[in-house]
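# Tertiary structure, described
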Amino acid sequence: MSQDIIIRTENVKKLYRLGDEEIWALKGISIDIRRGEFLSIMGPSGSGKSTFFNQIGALDVPTEGKVYFEGESLFDLPESKQAWIRCNRIGYIFQTFNLMPVMSALQNVALPMTFQGASREESSARAAAILERVGLGHRLHHKPFELSGGQQQRVAVARSLANTPSVILADEPTGNLDTRTGGEIIELIKELNINEGVTVICSTHDEKMLAASNRVCWISDGQLDRIIEH
Ligand SMILES: Nc1ncnc2c1ncn2[C@@H]1O[C@H](COP(=O)(O)OP(=O)(O)O)[C@@H](O)[C@H]1O
Ligand SMILES: [Mg+2]
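From a predicted model like this one, the values you see are computed outputs, not experimental measurements.

### Thoughts on the pattern of salt bridges
If you walk through the whole model with that rule in mind, you get 19 salt bridges. In this structure, R34 and E229 form a salt bridge, with 3.0 Å as the shortest nitrogen-oxygen distance. Taken together, the residues span a long stretch of sequence, with R34 in strand β2 (residues 21-34) and E229 in strand β10 (residues 223-229) at a distance of 195 residues. Residue R34 is classed as partly exposed on the basis of its relative accessible area of 35%. Notably, a salt bridge pairs K66 with D76, separated by 2.7 Å at the nearest N-O pair. Residue K66 is located in strand β4 (residues 64-69), and its partner D76 is located in the loop between β5 (72-73) and α2 (79-88); the two are separated by 10 residues in the primary sequence. Here the salt bridges share partners, and the residues they tie into one network are R35, E70 and R89.

This is the structure in C-alpha cells:
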C-alpha cells in the first residue's frame, strides 16, 4: 500500500443486533484516506458516521471487511498494538467533548501522555504548551464546568494532539456549539491540519466544514454515495 494512504477500508460492514432486530449500520464501505488530507464525512443522522469512525479508529471491530492503518490490517494486530495505535497514532474529538470533569484543562491534556509513560513534569509542560497553542494558555487550571463549550472543545482538541498523532478523528466536533464558536473550532482544526500535517477526518452536518475540506465523502444508509474533491 502506498505511503500516501494512511487508512484504507475494504468493504467494511457492521451489523448491530438489538433483540430480534438486525441493523446493517455499514453496508460495505471502501475508501482510501490520504495522508495529510482534511476529509469530511457528511450524512444525515443515523447514516452510519459514528459507526464508521469507530471502525477506522480501532474502537470497534467490523462484522466484515478490513481496515488498514498505516499499511497494517488493524484488527489482525495483537490487542496491545491496537491499544498503542489508539494512544499514539490517533487523536479523538467527540461532539460532547468527553473531558474528565474532575480534572483541570492541563490534567485532561496531560493524561494521555502519562498513559504513554511520560513523567508528570514533562507531561505538564507539554500539555501547557499545547493548550497555549489552541489559545487556552490562560485557562490551564480551569475544570470543564468552569469553561464555555467552545473552550471545552479546545481542550479536547489539545488532548487529541497530546501524543502527536498522525490522524485526528473528529465526530461532529461542532455539533454542540453555536455557529460562530463552531467556526472557530473548524478554523483551529484546519490550522493544525496545515501546520502540523496531521490528517483530519471529520464527520459533520456543518456546511462550514466543507470549505475546510480537501474531500467530502457523503454517506447515507451505511453506504458511500459519492466523494467530492474540493
Ligand atoms: N450500539 C448500537 N446498537 C444498535 N444499533 C446501533 C448502535 N449504534 C448505532 N446503531 C444504529 O446504526 C445506525 C447508524 O448509527 P450511527 O453510526 O450512530 O449514525 P450517525 O453517527 O450517522 O448518526 C443507526 O440506525 C443506529 O440506530
Ligand atoms: Mg453520530
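### Some points on the pairing of strand β3 (residues 38-42)
Burial of β3 is extensive: 5 of the 5 residues sit out of reach of the surface. By the alternation rule, side chains of β3 split into F38, S40 and M42 and L39 and I41, which are all buried. Looking at chain direction, β3 and strand β8 (residues 199-204) are connected through 5 bridges and run parallel. Residue pairing in the sheet places S40 in a bridge with C202 of β8. Of the pairings in the sheet, the one linking β3 to strand β9 (residues 215-220) comprises 4 bridges and is parallel in character. Directly across from S40, in β9, lies its bridge partner V216.

### So, the packing of aromatic side chains
Applying the stated rule across the entire model yields 1 aromatic pair. With a centroid separation of 6.3 Å and 5° between ring planes, the pair formed by Y92 and F94 is classed as stacked. Lying across the ring of W218, R226 places its NZ or CZ 4.7 Å from the centre.

### Observations concerning α2
Of all the positions in α2, only Q82, I85 and N88 are classed as buried. All buried residues of α2 fall inside an arc of 145° around its axis, so they share one side. Residues of α2 that are buried sit in contact with β4 and β6 (90-94).

### Considerations on a nonpolar patch on the surface
Residues Y16, L18 and I23 make up a contiguous nonpolar surface patch of roughly 270 Å² in combined accessible area. Looking at where I23 falls in the secondary structure, it is placed in strand β2. By relative accessible area, I23 is classed as partly exposed at 34%.

Basis of the calculations
Residues numbered from 1 in each chain as written. Chains lettered and ligands numbered in written order. Predicted model: local features only at pLDDT ≥ 70, side-chain atom pairs only at ≥ 80, totals over all residues. Heavy atoms only, no water. Salt bridge = Lys/Arg side-chain N within 4 Å of Asp/Glu carboxyl O. Helix = DSSP H or I, 4+ residues; strand = E, 2+ residues; numbered from the N terminus. Buried < 20%, exposed > 50% of the residue type's maximum accessible area, 1.4 Å probe, protein only. Pairing = 2+ DSSP bridges. Phe/Tyr/Trp six-rings, centres within 6.5 Å; stacked < 30°, edge-to-face > 60°. Lys NZ or Arg CZ within 6 Å of the ring centre and 35° of its normal. Arc of directions from axis to C-beta. Contact = heavy atoms within 4.5 Å. Patch = residues over 30% accessible without salt bridge, like charges linked within 9 Å, V, L, I, M, F, W, Y side chains within 5 Å. Areas by Shrake-Rupley, 256 points an atom, 1.4 Å probe, with all protein chains shown as cover.

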